[in-house]
Structure formats: structure tokens, C-alpha cells
Amino acid sequence: MINRERLEKHIEELSQFGMQSSGGINRFSFTEEEAKANEYIKQRMEEAGLTVSFDAVGNVIGELQGTEEKAPIMIGSHIDTVPHGGKFDGALGVLAAIEVAHSLKDQGIQLKSPLKIVSFKDEEGTRFGFGLLGSRAVAGILKEEELEGRDDQGITLKEAMIQNGYDPKKISEAKVREVAAYLELHIEQGKVLENENVPVGIVTGIAGPSWKEITVRGLSEHAGATPMPIRQDALVAASEMILKIEQIAFNYKDAVATVGKLQVKPNGVNVIPGEVTFSLDVRDLDNERCAKIVNEISEMIQEVSQKRGVQSEITELQTVSSVQADAGMQAMIKEAIVSKGIKPISLVSGAGHDAMNLARICPMGMIFVRSKDGISHNPLEYTSMDDCEIATNVLFDTLVRLDRSI
């Protein structure tokens, strides 16, 4: 059994790094708040008996030797947040993994396999519009040319890395050569488990996100002196595009499409908008269908641009393929859940996770924890300590089962 009080204490303490007066948390990559939180994670890992290091992109890695020379089992998640995020998204997975290490130590249990606990760098992609940075690097698929995304101050991801002592030319050194399996615990961020009245569930697969940035260029003119029929209003054009993006997504049963960021220039009350930039996030568990949706949206954007006399440009930010969880690991998670008298529920993750990239190099399994009202990426995000305790015990049991099977 894990130590509930210790886990709860760590959740509350970590939440203070980046805490805002609104009650939300701002903990973005390569910031002072994140650096302090990483140091906190390092200290908790060391207390659990782990040897801790930072890799070439800033992932925090705690290692525990096994009794046999085997490929390591890896468990983890992330601690960065979205703007005004909650205290459980990602952070629970990292702290639950550390609690598992603590509990192994408390109970004198030695795994056959080495264990690596990872707090992955920049899963959310909030600051630079490019997420899953740390897990990409660990999987060996991160490229230097992908580090050109800029934050709101114009600083590139590459520049931020250099400012924090990391060499973008050495990102390949973060690649892990050998992993036996990867296991991640994460809050559901949806309502399936709540509707089923169960605290934990088994993830069968993860829908991959396709992120784009669309820039629409019209003509900035005086709002009072330019007649309606001859305007080239970039915001009106973008608005039509955004409405049609929603309509296109509705045509596909399990797809979702979201515009979450919008920038208007020159942003004056009496000036016709001359340039608008907005984000696009498309997700579907079927990779081919996701690509089809993106192509349909791209064609629509060109049609609207032509009709309204504006220019548009679509920039690829990132596309992550959907993945399936390993069947054997799903079975182990199910066994751990059933052993606690809980009904096993399987579900798909519509949100992206670091597990997506680890699935490229090893078997992957995920445990979901119930989210109250399905709320996430919000200060109201909440998972009860009862559920956190149950889920962390499921993580512990699954790890032990996995170690015995390898």
C-alpha cells in the first residue's frame, strides 16, 4: 500500500510553484517557476532512493537499480501546465510514480528490472506552441529544426534552451536506447469514469493531435471611412473559417477540432483588422481520418480566403500519430483494478500524452483517474484523494506485475 498522506502533501507542495491569485497554476517550460518545481521533484526523487539527473533537454530522471541486468521499466508524466491550469494534470502522474518508489523502499521490495521515473519537459506546449518536447527527445524523434517556435515575447524554444544551459545541438543525447515498457498514470480530463462511477480506468489508445497555425492577411483601413463592400477584413474572414472548422468536425463522429488562440493586428477599436493568426488543434484516433479532416479544413480556408479577398497561410506546428496501448499491459492494469474490487472500464484518451511518444519505442500502458465533472486545464480541476490513493495503488500493483512478467 502507498502512503496517502505523503502523496497528498507532495501534491499540495508542488502546486505552490507557479500558483496564481486566481487559484490556477502557470508553470511553463524554461521559466523560473518550472526550475524551482524541477528542483522540488529532484529532492522528492532522492528521498525515495533514486539517483537523479537532468538529460539534454531538461527531463528530470530518477533511477533505481534492479536486481538483474535488464532493460529498465519507465514510469512518469509531466509537471508543466497550461495557463491557469490545475494541480493534478501531469503532476499527479509524476508524484504517484515517486510515491511508488517511496513505497517500494518502505516495504523493502526490490524489482528485478531497473526503474526510471521521468518528469518530462514541456508536455503541454503552452509557451512555444510545440508540445511533448521531453518525450520526443527520449524517443529519439526530436529535431533541432523543430525548436523555432516562439513565445509571446518572441523568444524561440532554441533560445530558451540556450538561456537555461542546454545545447540544442545535443538533443539526440536524450534518446533512451533501451526501455522494456512505459507506464503512465494521468487524470482522465473527461467524464467517462465519473459516469461509470469508478475511480480508475484502462486506456486503450490515444488520439494524436495535429496542430496548425493559420495566418489571415487582409488590409488595415479606417473603420469609419471604408465602405463594407470593399473591405478586406482579416478578422471577419477568420471568423467564418473558425465557424466552418466546427461544422467540419461535427461531420465526423469521434473527431474534435479546436481554435484556442487568436491574435488580431493592429487590434484597434477604429481599425479594420489587417492580420489575424489563430491556432488549430484537430484530433482523431484514426490517423488517416485525422489527415482527411485537416485537408478538408485547409481547402475550406483557401475557399474563404478567395471569396473574401484575403491571403492565408497554414503553418505546421506538430502532428503526433495516434497510438494503441499494449494489450498485455492493458491486461495487467485490468488485473490490478479487479483485484481491488473495482469494475474495469476501458476508454480512449482524446488528450495527447507523453505515452504517445514512448509507444514508438516500447510497449505502453496508461491508467486514467477520475476527474470531477470532467474539468481539466482549469483551476477547478479536481481529483479526490480517495481516487488518487486507489490509482497510485493500481500503479504500484501494475508495476510489480510488469516486473514479474519481463
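Placed above this text is the structure.
Residues numbered from 1 in each chain as written. Predicted model: local features only at pLDDT ≥ 70, side-chain atom pairs only at ≥ 80, totals over all residues. Heavy atoms only, no water.

Observations concerning the overall build of the chain
Thought 1: Helix and strand content of the chain: eleven helices and 14 strands.
Thought 2: For the chain, the C-alpha radius of gyration of 22 Å lies close to 22 Å, the compact-globule estimate for 406 residues.
Thought 3: Oriented by its inertia axes, the alpha-carbon framework of the chain measures out at about 80 × 45 × 40 Å.
Thought 4: Once local pairs closer than 6 in sequence are excluded, the contacts in the chain between residues at least 24 apart make up 78%.
Thought 5: Total accessible area on the chain stands at roughly 17,500 Å², and carbon and sulfur atoms take up 48% of it.
Thought 6: The chain carries 43 positive and 61 negative side-chain charges, and their two centres are separated by 1 Å. (Helix = DSSP H or I, 4+ residues; strand = E, 2+ residues; numbered from the N terminus. Rg over C-alpha atoms; globule rule 2.2 N^0.38 Å. Contact = heavy atoms within 4.5 Å. Areas by Shrake-Rupley, 256 points an atom, 1.4 Å probe, with all protein chains shown as cover. Lys, Arg positive; Asp, Glu negative; His and termini not counted. Charge placed at Lys NZ, Arg CZ, Asp CG, Glu CD.)

Here we look at the environment of Phe130
Thought 1: Secondary-structure assignment places Phe130 in the loop between strand E4 (115-120) and helix H4 (133-139).
Thought 2: According to the relative accessible area criterion, Phe130 is buried, its value standing at 4%.
Thought 3: Counting along the chain gives 189 residues from Phe130 to Thr319, while the straight-line C-alpha distance between them is 9.9 Å.
Thought 4: Beyond its immediate sequence surroundings of up to four residues, Phe130 is in contact with Asp122, Gly125, Arg136, Leu142, Glu146, Leu157, Trp211, Leu317 and Gln318. (Buried < 20%, exposed > 50% of the residue type's maximum accessible area, 1.4 Å probe, protein only.)

Describing unusual backbone geometry
Most peptide bonds are trans, and most residues other than glycine sit at a negative phi.
Thought 1: Residue Pro266 is reached from Lys265 by a cis peptide bond, and omega for that bond is 0 degrees.
Thought 2: Residue position: Pro266 is located in the loop between strand E9 (262-265) and strand E10 (275-284).
Thought 3: Of note in the backbone geometry, Asp122 takes a positive phi value of approximately 45 degrees without being a glycine.
Thought 4: Here Asp122 shows up in the loop between E4 and H4.
Thought 5: For Asp122, a relative accessible area of 1% puts it in the buried group.
Thought 6: Backbone geometry at Leu132 places phi at a positive 60 degrees, although glycine is not the residue there.
Thought 7: The residue Leu132 is located in the loop between E4 and H4 in this model.
Thought 8: We classify Leu132 as buried; its relative accessible area is 4%.

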